Amino acid sequence: MVQAGFTKLAAEEKDGGQRIEVAIEVEASRVDELLDEFYRLMARIRGIDAMAKDRTSLASSLEEALGAEEVRAASRDFLLNRLTTEAVRELGIDTVLAPGVHADEPPAFGRPFSFAANLTPRPELSLLDAGPVRIQRPVVAVEESDIDAQIAYSAQQCAEFQRADHEDVRKGDFALMDVDMLKNGEPCKSLSGLRRRVEISEGLLPRGFVDNVCGMAVGEERAFAFDVADGSTDGGRDRYEASVRLYEVQQRVVPVVDDEWVERVLPQFGDLEGFRSHIRADLEQQRGKVERQELVLRVRSALEKRLVGTIPDEMYQEAKDSLMASTLDSIDAKGMTLEEYCDEHGTTKDAFAMHVFMQAAETLRQNLALDALARERGIEETSDEIAAAKADLPQALAKLSDEEFERRGFRASLGESIRRKKALSWLMETMIVEN
(Lines give C-alpha, C1' and ligand atoms only; values in the text may rest on other atoms or scores of the structure.)
Protein backbone atom coordinates (compact mmCIF):
# COMPACT_ATOMS: atom_id res chain seq x y z
CA MET A 1 0.00 0.00 0.00
CA VAL A 2 1.40 3.40 -1.01
CA GLN A 3 0.57 6.75 0.50
CA ALA A 4 -2.20 9.24 -0.36
CA GLY A 5 -4.87 6.54 -0.69
CA PHE A 6 -3.35 4.84 -3.73
CA THR A 7 -3.81 1.11 -3.94
CA LYS A 8 -1.90 0.89 -7.21
CA LEU A 9 0.78 3.01 -8.85
CA ALA A 10 2.36 1.11 -11.74
CA ALA A 11 4.67 3.09 -14.05
CA GLU A 12 5.88 1.69 -17.37
CA GLU A 13 8.25 3.42 -19.78
CA LYS A 14 7.13 3.77 -23.38
CA ASP A 15 8.83 4.97 -26.60
CA GLY A 16 12.31 4.47 -25.24
CA GLY A 17 11.61 6.40 -22.06
CA GLN A 18 10.17 9.49 -23.77
CA ARG A 19 6.77 8.67 -22.28
CA ILE A 20 5.69 7.00 -19.03
CA GLU A 21 2.31 5.31 -18.70
CA VAL A 22 1.01 5.04 -15.13
CA ALA A 23 -1.89 2.84 -14.02
CA ILE A 24 -3.50 4.40 -10.93
CA GLU A 25 -6.08 3.03 -8.50
CA VAL A 26 -7.42 4.93 -5.47
CA GLU A 27 -9.27 3.51 -2.48
CA ALA A 28 -12.92 4.44 -1.92
CA SER A 29 -12.27 6.46 1.25
CA ARG A 30 -9.91 8.83 -0.62
CA VAL A 31 -12.45 9.18 -3.45
CA ASP A 32 -15.15 10.08 -0.89
CA GLU A 33 -12.84 12.66 0.68
CA LEU A 34 -12.09 14.38 -2.64
CA LEU A 35 -15.67 14.28 -3.91
CA ASP A 36 -16.83 15.81 -0.66
CA GLU A 37 -14.22 18.57 -1.05
CA PHE A 38 -15.32 19.16 -4.65
CA TYR A 39 -19.04 19.41 -3.84
CA ARG A 40 -18.45 21.79 -0.93
CA LEU A 41 -16.16 23.94 -3.06
CA MET A 42 -18.76 24.12 -5.84
CA ALA A 43 -21.50 24.88 -3.32
CA ARG A 44 -19.51 27.80 -1.92
CA ILE A 45 -18.99 29.17 -5.45
CA ARG A 46 -22.73 28.84 -6.19
CA GLY A 47 -23.77 30.38 -2.87
CA ILE A 48 -25.30 27.15 -1.54
CA ASP A 49 -25.14 26.46 2.21
CA ALA A 50 -23.12 23.24 2.21
CA MET A 51 -23.24 22.85 5.99
CA ALA A 52 -27.04 22.60 5.94
CA LYS A 53 -27.10 19.70 3.48
CA ASP A 54 -25.91 16.13 3.54
CA ARG A 55 -23.78 14.71 0.76
CA THR A 56 -26.67 13.41 -1.36
CA SER A 57 -28.84 16.53 -1.18
CA LEU A 58 -25.82 18.76 -1.86
CA ALA A 59 -25.03 16.79 -5.02
CA SER A 60 -28.66 17.01 -6.11
CA SER A 61 -28.73 20.78 -5.59
CA LEU A 62 -25.63 21.26 -7.72
CA GLU A 63 -26.90 18.95 -10.46
CA GLU A 64 -30.18 20.86 -10.54
CA ALA A 65 -28.33 24.19 -10.83
CA LEU A 66 -25.63 23.17 -13.31
CA GLY A 67 -26.85 19.98 -14.95
CA ALA A 68 -25.98 16.43 -13.96
CA GLU A 69 -23.58 15.86 -16.86
CA GLU A 70 -21.68 19.10 -16.21
CA VAL A 71 -21.28 18.27 -12.51
CA ARG A 72 -20.06 14.74 -13.27
CA ALA A 73 -17.54 16.06 -15.80
CA ALA A 74 -16.29 18.74 -13.40
CA SER A 75 -15.94 16.26 -10.52
CA ARG A 76 -14.03 13.85 -12.77
CA ASP A 77 -11.64 16.59 -13.87
CA PHE A 78 -11.18 17.72 -10.26
CA LEU A 79 -10.21 14.24 -9.08
CA LEU A 80 -8.05 13.48 -12.10
CA ASN A 81 -6.10 16.69 -11.67
CA ARG A 82 -5.60 16.29 -7.92
CA LEU A 83 -4.78 12.57 -8.00
CA THR A 84 -2.46 12.82 -10.98
CA THR A 85 -0.51 15.57 -9.26
CA GLU A 86 -0.23 13.45 -6.11
CA ALA A 87 0.74 10.34 -8.12
CA VAL A 88 3.50 12.18 -9.96
CA ARG A 89 4.85 13.49 -6.66
CA GLU A 90 4.61 10.02 -5.10
CA LEU A 91 6.54 8.44 -7.98
CA GLY A 92 9.13 11.22 -8.00
CA ILE A 93 8.82 11.82 -11.75
CA ASP A 94 9.92 15.23 -13.06
CA THR A 95 7.40 15.99 -15.82
CA VAL A 96 7.47 18.82 -18.34
CA LEU A 97 3.95 18.76 -19.80
CA ALA A 98 0.43 18.46 -18.44
CA PRO A 99 -0.30 14.72 -18.20
CA GLY A 100 -2.79 13.06 -20.52
CA VAL A 101 -5.37 11.19 -18.42
CA HIS A 102 -8.17 8.73 -19.18
CA ALA A 103 -10.79 7.12 -16.94
CA ASP A 104 -13.29 4.51 -18.13
CA GLU A 105 -15.76 5.30 -15.35
CA PRO A 106 -16.54 8.55 -13.49
CA PRO A 107 -15.71 8.74 -9.77
CA ALA A 108 -18.54 7.94 -7.35
CA PHE A 109 -19.03 7.86 -3.59
CA GLY A 110 -18.28 4.51 -1.96
CA ARG A 111 -16.32 3.15 -4.94
CA PRO A 112 -12.60 2.96 -5.73
CA PHE A 113 -11.47 4.95 -8.77
CA SER A 114 -8.97 3.91 -11.41
CA PHE A 115 -7.49 5.71 -14.41
CA ALA A 116 -4.38 5.91 -16.58
CA ALA A 117 -1.99 8.85 -16.96
CA ASN A 118 0.51 9.44 -19.73
CA LEU A 119 3.49 11.47 -18.54
CA THR A 120 6.27 13.17 -20.46
CA PRO A 121 9.36 13.06 -18.23
CA ARG A 122 11.91 15.83 -18.40
CA PRO A 123 14.39 14.82 -21.11
CA GLU A 124 17.99 14.12 -20.13
CA LEU A 125 19.82 16.94 -21.83
CA SER A 126 23.33 18.29 -21.41
CA LEU A 127 25.71 20.83 -22.94
CA LEU A 128 28.90 20.15 -24.86
CA ASP A 129 30.39 23.09 -22.96
CA ALA A 130 28.99 25.01 -19.97
CA GLY A 131 31.46 27.87 -20.28
CA PRO A 132 31.09 31.36 -21.76
CA VAL A 133 29.87 31.62 -25.35
CA ARG A 134 31.71 33.36 -28.17
CA ILE A 135 29.70 35.54 -30.53
CA GLN A 136 30.25 38.12 -33.27
CA ARG A 137 29.36 41.69 -32.34
CA PRO A 138 26.23 42.71 -34.21
CA VAL A 139 26.65 45.68 -36.50
CA VAL A 140 23.44 47.66 -36.46
CA ALA A 141 23.61 50.60 -38.83
CA VAL A 142 20.88 52.71 -40.34
CA GLU A 143 21.05 52.16 -44.09
CA GLU A 144 19.15 53.96 -46.80
CA SER A 145 17.49 50.62 -47.55
CA ASP A 146 16.09 50.61 -43.99
CA ILE A 147 14.53 54.00 -44.62
CA ASP A 148 13.18 52.81 -47.96
CA ALA A 149 11.62 49.81 -46.21
CA GLN A 150 9.91 52.05 -43.65
CA ILE A 151 8.55 54.28 -46.40
CA ALA A 152 7.29 51.23 -48.29
CA TYR A 153 5.59 50.00 -45.10
CA SER A 154 3.95 53.41 -44.63
CA ALA A 155 2.70 53.26 -48.21
CA GLN A 156 1.22 49.80 -47.61
CA GLN A 157 -0.51 51.05 -44.46
CA CYS A 158 -2.04 53.91 -46.45
CA ALA A 159 -3.20 51.76 -49.34
CA GLU A 160 -6.76 52.44 -50.49
CA PHE A 161 -9.42 50.17 -51.90
CA GLN A 162 -10.90 51.46 -55.12
CA ARG A 163 -13.56 50.13 -57.43
CA ALA A 164 -12.01 47.77 -59.95
CA ASP A 165 -12.06 48.48 -63.67
CA HIS A 166 -14.07 45.28 -64.23
CA GLU A 167 -17.38 44.03 -62.84
CA ASP A 168 -16.69 40.31 -62.46
CA VAL A 169 -14.72 38.72 -59.60
CA ARG A 170 -11.24 37.51 -60.51
CA LYS A 171 -8.39 35.95 -58.53
CA GLY A 172 -6.41 38.67 -56.75
CA ASP A 173 -9.42 40.99 -56.47
CA PHE A 174 -11.00 42.18 -53.26
CA ALA A 175 -14.73 41.50 -53.11
CA LEU A 176 -17.10 43.45 -50.87
CA MET A 177 -19.71 40.82 -50.03
CA ASP A 178 -22.01 39.22 -47.49
CA VAL A 179 -20.76 35.74 -46.57
CA ASP A 180 -22.76 33.21 -44.57
CA MET A 181 -20.62 30.10 -44.10
CA LEU A 182 -21.29 26.80 -42.34
CA LYS A 183 -18.62 24.23 -41.51
CA ASN A 184 -20.00 20.75 -40.91
CA GLY A 185 -23.38 22.33 -40.21
CA GLU A 186 -22.07 24.84 -37.64
CA PRO A 187 -21.56 28.60 -38.19
CA CYS A 188 -18.02 29.39 -39.39
CA LYS A 189 -17.44 32.86 -37.93
CA SER A 190 -13.89 33.25 -39.29
CA LEU A 191 -15.22 33.15 -42.87
CA SER A 192 -18.58 34.89 -42.36
CA GLY A 193 -19.66 38.52 -42.19
CA LEU A 194 -21.83 41.28 -43.68
CA ARG A 195 -20.33 43.59 -46.33
CA ARG A 196 -17.00 41.98 -45.67
CA ARG A 197 -13.96 42.73 -47.81
CA VAL A 198 -12.59 39.39 -48.95
CA GLU A 199 -9.33 38.88 -50.84
CA ILE A 200 -9.99 36.28 -53.53
CA SER A 201 -6.78 34.32 -53.21
CA GLU A 202 -5.99 30.66 -52.66
CA GLY A 203 -4.03 30.14 -49.47
CA LEU A 204 -6.04 32.84 -47.75
CA LEU A 205 -9.35 31.15 -48.62
CA PRO A 206 -10.28 27.54 -49.38
CA ARG A 207 -9.87 26.75 -53.06
CA GLY A 208 -13.51 25.65 -53.26
CA PHE A 209 -14.64 29.12 -52.15
CA VAL A 210 -12.36 30.92 -54.62
CA ASP A 211 -13.48 28.74 -57.54
CA ASN A 212 -17.16 29.30 -56.77
CA VAL A 213 -17.07 33.10 -56.42
CA CYS A 214 -14.84 33.80 -59.41
CA GLY A 215 -16.97 35.17 -62.25
CA MET A 216 -19.67 36.59 -59.96
CA ALA A 217 -21.15 39.92 -61.08
CA VAL A 218 -22.09 42.87 -58.86
CA GLY A 219 -25.51 42.27 -57.29
CA GLU A 220 -25.35 38.51 -57.86
CA GLU A 221 -26.09 35.96 -55.13
CA ARG A 222 -24.75 32.41 -55.05
CA ALA A 223 -25.08 29.38 -52.81
CA PHE A 224 -22.60 26.52 -53.05
CA ALA A 225 -20.85 23.80 -51.09
CA PHE A 226 -17.37 22.28 -51.14
CA ASP A 227 -15.16 19.90 -49.16
CA VAL A 228 -11.73 20.53 -47.62
CA ALA A 229 -9.34 17.96 -46.15
CA ASP A 230 -9.46 18.22 -42.35
CA GLY A 231 -5.76 17.43 -41.92
CA SER A 232 -6.32 14.13 -40.14
CA THR A 233 -4.32 11.03 -40.98
CA ASP A 234 -7.48 9.09 -41.91
CA GLY A 235 -8.25 11.35 -44.86
CA GLY A 236 -11.35 12.98 -43.34
CA ARG A 237 -12.93 16.04 -44.94
CA ASP A 238 -14.84 19.08 -43.68
CA ARG A 239 -18.04 20.12 -45.46
CA TYR A 240 -18.54 23.85 -46.11
CA GLU A 241 -21.80 25.45 -47.24
CA ALA A 242 -21.78 29.10 -48.30
CA SER A 243 -24.26 31.78 -49.33
CA VAL A 244 -22.75 35.00 -50.73
CA ARG A 245 -23.94 38.31 -52.17
CA LEU A 246 -21.54 40.56 -54.10
CA TYR A 247 -21.71 44.36 -53.69
CA GLU A 248 -18.52 45.58 -55.35
CA VAL A 249 -15.27 44.35 -56.90
CA GLN A 250 -12.29 46.30 -55.59
CA GLN A 251 -8.56 46.60 -56.11
CA ARG A 252 -5.98 47.61 -53.51
CA VAL A 253 -4.00 50.65 -54.64
CA VAL A 254 -0.71 51.47 -52.90
CA PRO A 255 0.20 55.17 -53.18
CA VAL A 256 3.46 56.49 -54.55
CA VAL A 257 5.28 58.27 -51.71
CA ASP A 258 6.61 61.53 -53.15
CA ASP A 259 6.69 65.21 -52.15
CA GLU A 260 3.05 65.69 -53.12
CA TRP A 261 1.86 62.67 -51.12
CA VAL A 262 3.86 63.70 -48.01
CA GLU A 263 2.53 67.26 -48.22
CA ARG A 264 -1.03 65.96 -48.43
CA VAL A 265 -0.94 63.06 -45.93
CA LEU A 266 1.96 63.95 -43.58
CA PRO A 267 2.24 67.74 -43.79
CA GLN A 268 4.23 67.97 -40.56
CA PHE A 269 7.30 66.67 -42.44
CA GLY A 270 7.08 69.14 -45.31
CA ASP A 271 8.38 66.99 -48.14
CA LEU A 272 9.80 63.53 -48.84
CA GLU A 273 13.29 64.44 -47.60
CA GLY A 274 11.81 65.71 -44.35
CA PHE A 275 9.95 62.42 -43.94
CA ARG A 276 13.16 60.46 -44.60
CA SER A 277 15.04 62.57 -42.04
CA HIS A 278 12.39 61.81 -39.41
CA ILE A 279 12.60 58.06 -40.10
CA ARG A 280 16.43 58.17 -39.99
CA ALA A 281 16.42 59.92 -36.59
CA ASP A 282 13.90 57.45 -35.20
CA LEU A 283 15.93 54.43 -36.37
CA GLU A 284 19.13 55.90 -34.94
CA GLN A 285 17.40 56.28 -31.58
CA GLN A 286 16.36 52.63 -31.64
CA ARG A 287 19.79 51.31 -32.63
CA GLY A 288 21.12 50.78 -29.07
CA LYS A 289 18.07 48.79 -28.07
CA VAL A 290 18.26 46.72 -31.25
CA GLU A 291 21.94 45.95 -30.66
CA ARG A 292 21.17 44.72 -27.14
CA GLN A 293 18.32 42.53 -28.40
CA GLU A 294 20.56 41.12 -31.13
CA LEU A 295 23.26 40.30 -28.56
CA VAL A 296 20.72 38.36 -26.47
CA LEU A 297 19.51 36.46 -29.54
CA ARG A 298 23.06 35.53 -30.54
CA VAL A 299 23.95 34.41 -27.01
CA ARG A 300 20.86 32.21 -26.76
CA SER A 301 21.51 30.77 -30.22
CA ALA A 302 25.17 30.03 -29.42
CA LEU A 303 24.19 28.17 -26.26
CA GLU A 304 21.48 26.20 -28.09
CA LYS A 305 24.08 24.81 -30.50
CA ARG A 306 25.74 23.11 -27.52
CA LEU A 307 22.58 21.24 -26.46
CA VAL A 308 22.85 17.44 -26.58
CA GLY A 309 19.97 14.97 -26.16
CA THR A 310 16.56 14.04 -27.54
CA ILE A 311 13.54 16.29 -27.02
CA PRO A 312 10.17 14.48 -27.15
CA ASP A 313 7.86 15.38 -30.04
CA GLU A 314 5.13 16.21 -27.53
CA MET A 315 7.22 19.10 -26.22
CA TYR A 316 7.60 20.56 -29.71
CA GLN A 317 3.85 20.21 -30.33
CA GLU A 318 2.93 21.82 -27.00
CA ALA A 319 5.33 24.70 -27.66
CA LYS A 320 3.81 25.25 -31.10
CA ASP A 321 0.23 25.07 -29.82
CA SER A 322 0.99 27.52 -27.00
CA LEU A 323 2.69 30.04 -29.28
CA MET A 324 -0.03 29.69 -31.91
CA ALA A 325 -2.76 30.34 -29.32
CA SER A 326 -1.03 33.44 -27.93
CA THR A 327 -0.31 34.76 -31.44
CA LEU A 328 -3.93 34.29 -32.54
CA ASP A 329 -5.11 36.02 -29.35
CA SER A 330 -2.80 38.93 -30.15
CA ILE A 331 -4.15 39.14 -33.71
CA ASP A 332 -7.73 38.99 -32.44
CA ALA A 333 -6.99 41.77 -29.91
CA LYS A 334 -6.07 43.99 -32.86
CA GLY A 335 -9.51 43.38 -34.34
CA MET A 336 -8.08 41.38 -37.23
CA THR A 337 -8.77 37.94 -38.64
CA LEU A 338 -5.91 35.59 -39.46
CA GLU A 339 -6.68 36.12 -43.14
CA GLU A 340 -6.33 39.89 -42.77
CA TYR A 341 -3.10 39.49 -40.79
CA CYS A 342 -1.58 37.22 -43.43
CA ASP A 343 -2.63 39.66 -46.16
CA GLU A 344 -1.04 42.60 -44.36
CA HIS A 345 2.24 40.71 -43.93
CA GLY A 346 2.25 39.23 -47.43
CA THR A 347 2.11 35.59 -46.32
CA THR A 348 -0.24 32.59 -46.39
CA LYS A 349 -1.81 30.56 -43.59
CA ASP A 350 0.52 27.62 -44.30
CA ALA A 351 3.61 29.83 -44.24
CA PHE A 352 2.34 31.51 -41.06
CA ALA A 353 1.85 28.13 -39.34
CA MET A 354 5.33 26.97 -40.40
CA HIS A 355 6.90 30.19 -39.08
CA VAL A 356 5.14 29.73 -35.72
CA PHE A 357 6.38 26.13 -35.49
CA MET A 358 9.99 27.08 -36.28
CA GLN A 359 9.93 29.95 -33.79
CA ALA A 360 8.40 27.76 -31.08
CA ALA A 361 10.94 24.98 -31.66
CA GLU A 362 13.85 27.43 -31.50
CA THR A 363 12.59 29.03 -28.27
CA LEU A 364 11.99 25.61 -26.70
CA ARG A 365 15.54 24.42 -27.44
CA GLN A 366 17.04 27.66 -26.18
CA ASN A 367 15.08 27.48 -22.92
CA LEU A 368 16.10 23.86 -22.38
CA ALA A 369 19.71 24.85 -23.01
CA LEU A 370 19.39 27.52 -20.31
CA ASP A 371 17.97 24.85 -17.97
CA ALA A 372 20.99 22.63 -18.68
CA LEU A 373 23.39 25.53 -18.08
CA ALA A 374 21.73 26.32 -14.75
CA ARG A 375 22.07 22.67 -13.66
CA GLU A 376 25.69 22.31 -14.74
CA ARG A 377 26.78 25.61 -13.17
CA GLY A 378 24.74 25.15 -10.00
CA ILE A 379 22.55 28.18 -10.60
CA GLU A 380 19.58 28.11 -8.20
CA GLU A 381 16.76 30.40 -7.18
CA THR A 382 16.65 31.71 -3.62
CA SER A 383 13.65 31.83 -1.31
CA ASP A 384 13.79 35.64 -1.41
CA GLU A 385 13.67 35.61 -5.22
CA ILE A 386 10.67 33.29 -5.16
CA ALA A 387 8.91 35.49 -2.60
CA ALA A 388 9.56 38.65 -4.63
CA ALA A 389 8.38 37.03 -7.87
CA LYS A 390 5.29 35.60 -6.17
CA ALA A 391 4.37 39.04 -4.83
CA ASP A 392 4.32 40.37 -8.42
CA LEU A 393 1.79 37.76 -9.55
CA PRO A 394 -1.97 38.46 -9.77
CA GLN A 395 -3.57 38.74 -6.33
CA ALA A 396 -5.38 35.41 -6.62
CA LEU A 397 -2.00 33.62 -6.84
CA ALA A 398 0.05 35.94 -4.63
CA LYS A 399 -2.23 35.38 -1.63
CA LEU A 400 -1.97 31.57 -1.75
CA SER A 401 -0.10 29.98 1.13
CA ASP A 402 3.40 28.79 0.26
CA GLU A 403 2.28 25.19 0.73
CA GLU A 404 -0.69 25.57 -1.61
CA PHE A 405 1.42 27.57 -4.09
CA GLU A 406 3.89 24.70 -4.26
CA ARG A 407 1.22 21.97 -4.34
CA ARG A 408 -0.38 23.51 -7.42
CA GLY A 409 2.96 23.59 -9.22
CA PHE A 410 3.34 27.38 -9.35
CA ARG A 411 6.48 27.37 -7.24
CA ALA A 412 8.24 24.97 -9.62
CA SER A 413 7.40 27.00 -12.73
CA LEU A 414 8.43 30.24 -11.00
CA GLY A 415 11.74 28.71 -9.95
CA GLU A 416 12.38 27.52 -13.51
CA SER A 417 11.78 31.03 -14.85
CA ILE A 418 14.15 32.58 -12.30
CA ARG A 419 16.90 30.04 -13.04
CA ARG A 420 16.63 30.74 -16.77
CA LYS A 421 16.92 34.49 -16.22
CA LYS A 422 19.96 34.05 -13.98
CA ALA A 423 21.58 31.66 -16.48
CA LEU A 424 21.04 34.18 -19.29
CA SER A 425 22.43 36.99 -17.13
CA TRP A 426 25.56 34.90 -16.49
CA LEU A 427 25.97 34.34 -20.24
CA MET A 428 25.59 38.06 -20.97
CA GLU A 429 28.17 38.94 -18.29
CA THR A 430 30.76 36.37 -19.45
CA MET A 431 30.24 36.34 -23.24
CA ILE A 432 33.26 36.78 -25.47
CA VAL A 433 32.42 39.31 -28.17
CA GLU A 434 34.56 39.37 -31.30
CA ASN A 435 34.99 42.28 -33.73
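Residues numbered from 1 in each chain as written. Predicted model: local features only at pLDDT ≥ 70, side-chain atom pairs only at ≥ 80, totals over all residues. Heavy atoms only, no water.

## Digging into the environment of Ala73
Note the cut-off: For helices the rule is a DSSP run of H or I covering at least 4 residues; for strands it is a run of E covering at least 2, with both sets numbered from the N terminus onward.
Its location among the elements puts Ala73 in helix α3 (residues 68-91). Put simply, Ala73 and Phe115 are 42 residues apart on the chain and 14 Å apart in space, counted from C-alpha to C-alpha.

## Considering helix α7 (residues 272-304)
Basically, it comes down to this: In a helix, the anticipated span is given by 1.5 Å times the number of residues less one. Fitting axes to the seven residues that end at a residue and to the seven that start at it, the angle between those axes gives the bend at that residue.
Across its 33 residues, α7 extends 44 Å between first and last C-alpha, which sits within 8% of the 48 Å expected from 1.5 Å per residue. Arg287 marks where α7 bends most, by close to 40°.

## Some points on the packing of helix α11 (residues 383-391) against helix α14 (residues 410-430)
Worth spelling out the cut-off: Working convention: axes come from line fits to C-alpha atoms, limited for helices to the stretch in contact. Angles between N-to-C directions cover 0 to 180 degrees. Here the angle decides the label: under 35 degrees means roughly parallel, over 145 means roughly antiparallel, 65 to 115 means roughly perpendicular, and every other value means oblique. Contact criterion: two residues are considered in contact whenever any of their non-hydrogen atoms come within 4.5 Å of each other. Three categories are distinguished: nonpolar for Ala, Val, Leu, Ile, Met, Phe, Trp, Tyr, Cys and Pro, charged for Asp, Glu, Lys and Arg, and polar for the others, with Gly belonging to the last.
Close contact between α11 and α14 brings their axes to 10 Å; oriented N to C, the two are set at 110°. Taken together, the axes of α11 and α14 lie roughly perpendicular to each other. Within the contact between the two elements, α11 uses Glu385, Ile386, Ala389 and Lys390 and α14 uses Arg411, Leu414, Gly415, Ile418 and Lys422. Here the residues of the contact of α11 with α14 sort into four nonpolar, one polar and four charged.

## Re the packing of helix α1 (residues 28-46) against α3
The following threshold applies: What makes a crossing left-handed is the near helix being turned counterclockwise from the far one by less than a right angle; a clockwise turn instead makes it right-handed.
Across the interface, α1 lies against α3 with an axial gap of 10 Å and an inter-helix angle of 125°. As summarised for this structure, α1 and α3 are arranged oblique, according to the angle between their axes. Relative to α3, α1 is oriented so that their crossing is right-handed. Taking contact as the criterion, the partners of Arg30, Val31, Leu34, Leu35, Glu37, Phe38, Tyr39 and Leu41 in α1 are, on α3, Val71, Ala74, Ser75, Phe78, Leu79, Arg82, Leu83 and Glu86. For the contact of α1 with α3, the per-class residue count stands at eleven nonpolar, one polar and four charged.

## Points about the sheet that holds strand β1 (residues 6-14)
To be explicit about the condition: For two strands to be treated as a pair, DSSP must find at least two bridges joining them.
One open sheet accounts for four strands, arranged β1-β2-β4-β3; its pairing is antiparallel. Of all strands in the sheet, those with a lone pairing partner are β1 and β3 (100-102), marking the two edges. Ignoring which end each strand starts from, the neighbouring axes of this sheet average 15° apart. Where β3 and strand β4 (residues 113-119) come together, three bridges link them in antiparallel fashion. Looking at the pairing, His102 lines up with Ala116 of β4. Together, β1, β2 (19-26), β3 and β4 form the strand contacts of α3, whose direction differs from that of β4 by roughly 65°.

In short, geometric facts, not functional conclusions.
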